[in-house]
Amino acid sequence: PLDEDDLAADVIFAQELCLTTGITSYQDVNTRGRKRVMGYYKALDSLKARAFMLYTIEKTNDINTSLNDLFVYKGPWLSLGGDKFLLDGQPPTSYTYEPHPGPSWDLPTWDPDTLEKVVKQLHRAGHQIAFHCMGDHAIDLALDIIEAAQADSFRLDHRHRLEHCMIPSSDAIVRMKELGVVVSLQPSTIYSSALFYLGFWGQERASRFMPMRSLLDRGIPVALGTDYPTIPNIAPKYTLWTATTRMSETGHFLGFPERVSIQEALYAQTMGSAYAAFEEDIKGSIEVGKYADMVVWSDDMYSIPVNKIKDLYVISTIVAGIVYNNPNVGIEHYYEKNESQGFELKQNYPNPFSEQTNIAFEVPKPSHVQINILNNNGQFVKRVMDKILHQGKHKIVFDASQLASGIYFIQMKTERFTETKEMYIVK
């Protein structure tokens, strides 16, 4: 067990990682134990990135700690906004309506009656409450509890949160809007774990996976984060890239129709996350009257091809007007080298087309190259090329005479590079 001084040292140690990856604020919505909260307070004078906490309620006596020993607090560098409940586990123990191959699928972490009683207490006290809910049954349980708390003591702007919200039903999305909840998503889980989720939930449930497009279209506030260190990629660039592509590190797609634009993703990462912590008046955008917190990236996210977003690196991180240039680390440790530099998939031409189109691409060194055709859902349709090519520019003619009209994707894959382009078949 760690004491408060150990935990404070850990918080201080983490500051450099935040700055080097482009993080000006982070939300620890699983702050377990009073000692961990106190560790943050002991580190307060050494914070370089702003921290927001939600205290984890794991058993009923944690309620007394939250209500009597701690207090909801909002400061410029550290805030405690309320509480967090875990209603299920990761996919192997996710709480779902239909079975999955994990050890538990039909048991919530909390007894629903007990959960309702303790949440009502915290809700009456004005706390913001977050619910870890992966499975569809866990999501509905969280919504039932929020609805019961509102019926007991109505609050106009509670901003209770659903963390992860992996496989909600369409009915659940309607209820989220009606109940005024905020949904906190972590798209980079697709980058690292797409096949893991498919293995537990199957294709039908995975088609509902993290439905950001559907949530935004319904007008539900969405915040984006990473779930680090459960997910190994803390850098925001992976969150943004995966929100726009829905592609894994291995080239697999998950919930492709739920992709969003880079503008929508960046807004959810910044203003959406600020809103989720009641901080939109001081954070989330660059404007007069807000904190001088911002990040200078190596290129313009709005103008580069989407597939290049994950290759960006941070030039400077600015927090409270203090500029950190490559803070305390060498540049080689500061960002991942772009090992795919020089590979390029060009836009096919003509596009749109009816029968044939040209696919051109460039290879900077001898490489094993695959050219695949995917449908609008990101599913494999046809492999056009699978061979080792020499360095240089290449072009192939793709015959689409056997394909129906619609939107398709050309995918170029090598050992360390994946890029896609949209193509349109019109007949």
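Positions within a chain are numbered from 1, following the residues in the order the chain's sequence is written. A pLDDT threshold of at least 70 governs which residues receive local features in this predicted model, and a stricter bar of 80 or more applies before side-chain atom pairs are shown or counted, although totals over entire chains, interfaces and linings include all residues. Where side-chain values are given, they derive from all heavy atoms of the structure, hydrogens and water being excluded.

Student: Run through the sheet that holds strand E16 (residues 392–399), naming residues and quoting values.
Tutor: Two strands are said to pair when DSSP picks up at least two bridges between them. Runs of E in the DSSP output that reach at least two residues are strands. Runs of H or I that reach at least four are helices, and both are numbered from the N terminus. With antiparallel pairing, the three strands of this open sheet are ordered in space as E12-E13-E16. Each end of this open sheet is capped by a strand with a single partner; those strands are strand E12 (344–345) and E16. For strand E13 (residues 356–363) and E16, the ladder comprises eight bridges, and the chain directions are antiparallel. Note that in E16 the partner of Glu362 across the bridge is Lys393.

Student: Lay out the sheet that holds strand E14 (residues 367–374) with the relevant residues and their values.
Tutor: Spatially, E15-E14-E17-E18 is the arrangement adopted by the four strands of the open sheet, whose pairing is antiparallel. Across the chains shown, the open sheet's two edge strands, defined by having one partner strand only, are strand E15 (380–389) and strand E18 (418–425). In this sheet, neighbouring strand axes are inclined to one another by 15 degrees on average, regardless of whether the strands run parallel or antiparallel. Pairing of E14 with E15, which is carried by eight bridges, proceeds in the antiparallel orientation. Note that in E15 the partner of Gln370 across the bridge is Asp386. Interaxial angle, 0 to 180 degrees, is taken between N-to-C directions of lines fitted to C-alpha atoms, where a helix line uses only the stretch in contact.

Student: Explain the packing of aromatic side chains residue by residue, including any values.
Tutor: Given two aromatic rings, their pairing is described by the distance between the two centres and the angle made by the two planes. A pair of Phe, Tyr and Trp rings is counted when the ring centres sit within 6.5 Å of each other, with Trp represented by its six-membered ring. The angle between the planes then sorts it: under 30 degrees is stacked, over 60 is edge-to-face, the rest tilted. Applying the stated rule across the entire model yields 14 aromatic pairs. Taking the centre distance of 4.7 Å and the plane angle of 80 degrees together, the rings of Phe256 and Phe409 count as edge-to-face. Of this pair, Phe256 sits in the loop between helix H9 (236–245) and helix H10 (262–276) while Phe409 is found in strand E17 (residues 406–413), placing the two residues 153 residues apart along the sequence. By way of ring pairs, the aromatic residues Phe196, Tyr197, Phe200, Trp201 and Phe209 are connected into one cluster. The criterion is that NZ of a Lys, or CZ of an Arg, lies within 6 Å of the ring centre and within 35 degrees of the ring normal, and then a charge sits over that ring. Above the plane of the ring of Tyr291 lies Arg50, whose end atom (NZ or CZ) is 3.7 Å from the centre.

Student: Lay out the side chain of Thr96 in plain terms, naming residues and giving numbers.
Tutor: Looking at where Thr96 falls in the secondary structure, it is placed in the loop between strand E4 (78–86) and helix H4 (112–124). When a residue's accessible area, from a 1.4 Å probe over protein chains only, is under 20% of the maximum for its type it is buried; when over 50% it is exposed; and in between it is partly exposed. Residue classification places Thr96 among the buried positions, given a relative accessible area of 1%. When near neighbours in sequence (up to four residues on either side) are disregarded, Thr96 contacts Trp105, Gly135, Asp136, His137, Ile167, Trp201 and Arg205. Only heavy atoms matter for contacts: two residues are in contact if any of them lie within 4.5 Å across the pair.

Student: Quick one: what's the story with the packing of helix H5 (residues 136–152) against helix H6 (residues 170–179), residue by residue and with numbers?
Tutor: Look at H5 against H6: their axes get within 11 Å of each other, and the N-to-C directions meet at 25 degrees. Considering the angle they form, H5 stands roughly parallel to H6. In this structure, the crossing between H5 and H6 has a hand that is left-handed. Of the residues in H6, those touching H5 at Ile139, Asp140, Leu143, Asp144, Ile146 and Glu147 are Ala172, Arg175, Met176 and Leu179. For the contact of H5 with H6, the class distribution of residues is six nonpolar, no polar and four charged. Any angle that falls under 35 degrees is termed roughly parallel, while one over 145 is termed roughly antiparallel, one within 65 to 115 roughly perpendicular, and all others oblique. A clockwise turn of the near helix away from the far one marks a right-handed crossing, whereas an anticlockwise turn of less than a right angle marks a left-handed crossing. Each residue gets one of three labels, nonpolar for Ala, Val, Leu, Ile, Met, Phe, Trp, Tyr, Cys and Pro, charged for Asp, Glu, Lys and Arg, and polar for the others, Gly among them.

Student: I'd like a rundown of unusual backbone geometry, residues and numbers included.
Tutor: A cis geometry characterises the amide bond from Tyr349 onward to Pro350, with omega recorded as -5 degrees. Tracing the chain through its elements places Pro350 in the loop between E12 and E13. A cis amide bond links Asn351 with the next residue in sequence, Pro352, at an omega value of 10 degrees. Residue position: Pro352 is located in the loop between E12 and E13. Its identity as a non-glycine residue notwithstanding, Cys165 has a phi of 45 degrees, on the positive side. Looking at where Cys165 falls in the secondary structure, it is placed in the loop between strand E6 (161–164) and H6.

Student: Just give me the short version of the packing of helix H3 (residues 62–69) against H4, but keep the residues and values in it.
Tutor: The interhelical angle for the contact between H3 and H4, taken along N-to-C directions, is 5 degrees, at an axis separation of 11 Å. On the basis of their axis angle, the class for H3 and H4 is roughly parallel. Of the residues in H4, those touching H3 at Ile63, Ser66 and Leu67 are Val118, Gln121 and Leu122.

Student: Hey, could you go over helix H2 (residues 34–42) for me, with residue numbers and the actual values?
Tutor: Taken together, the buried positions of H2 are occupied by Val37, Met38, Gly39 and Tyr40. Of the surrounding secondary structure, the elements contacted by the buried residues of H2 are helix H1 (4–21), strand E1 (25–31), strand E2 (50–56) and E4.

Student: Describe in detail the environment of Ser94, supporting the description with residues and values.
Tutor: For Ser94, the location among the structural elements is in the loop between E4 and H4. Judged by relative accessible area, Ser94 falls into the buried class, the value being 0%. Distance in space between the C-alpha atoms of Ser94 and Leu44 is 35 Å, their sequence separation being 50 residues. Any N or O atom pair separated by 3.5 Å or less is treated as a polar contact, with the protein-specific requirement of one donor-capable and one acceptor-capable atom, and with residues adjacent in sequence counted only for side-chain atom pairs. Of note is the side chain of Ser94, whose polar atom sits 3.0 Å from the side chain of Trp201.

Student: Describe in detail a nonpolar patch on the surface, supporting the description with residues and values.
Tutor: A surface patch of nonpolar side chains, about 230 Å² in accessible area, is lined by Ile407, Tyr424 and Val426. As for its placement among the helices and strands, Val426 is situated in the segment after E18. Put simply, a patch holds well-exposed residues, over 30% relative accessible area, that have no salt bridge, with like charges counted together within 9 Å and Val, Leu, Ile, Met, Phe, Trp or Tyr side chains within 5 Å. With residues, only the protein chains shown are counted as cover, and all accessible areas are computed by Shrake-Rupley using a 1.4 Å probe. In what follows, salt bridge is the name for a side-chain nitrogen of Lys or Arg lying within 4 Å of a carboxyl oxygen of Asp or Glu.

Student: Before we move on, could you go through the confidence of the model for the protein chain and cite the residues and values that matter?
Tutor: Values of pLDDT, the confidence the predictor places in each residue, fall between 0 and 100. The pLDDT averaged across the protein chain works out to 92; a share of 96% of its residues lies at or above 70. Residue range residues 327–339 is modelled with pLDDT below 50. Its contacts to residues more than four positions away, or to other chains, number 19 contacts.

Student: Please give an account of the pattern of salt bridges that cites residues and values.
Tutor: A pair can form between side chains of opposite charge whenever their charged atoms are brought close. A complete count under the given rule lists 26 salt bridges for this structure. Notably, a salt bridge pairs Glu147 with Arg175, separated by 2.8 Å at the nearest N-O pair. Taken together, the residues span a long stretch of sequence, with Glu147 in helix H5 and Arg175 in helix H6 at a distance of 28 residues. When its relative accessible area of 41% is taken as the criterion, Glu147 is described as partly exposed. Linking Arg161 and Glu163 is a salt bridge whose minimum nitrogen-to-oxygen distance equals 2.7 Å. An identical accessibility class is assigned to Arg161 and Glu163; each is buried. Each of Glu4, Asp5, Arg34, Lys42 and Asp69 takes part in a single network of salt bridges with overlapping partners.

Student: So what's going on with the pairing of strand E11 (residues 322–325)? Which residues, and what values?
Tutor: As judged from the four bridges shared by strand E10 (residues 314–319) and E11, these two strands associate in the antiparallel manner. Considered in E11, the bridge of Ile318 is made with Val323. Hairpin remark: E10 followed by E11, antiparallel, with two residues in the connecting loop; positive phi at Ala320, about 55 degrees.

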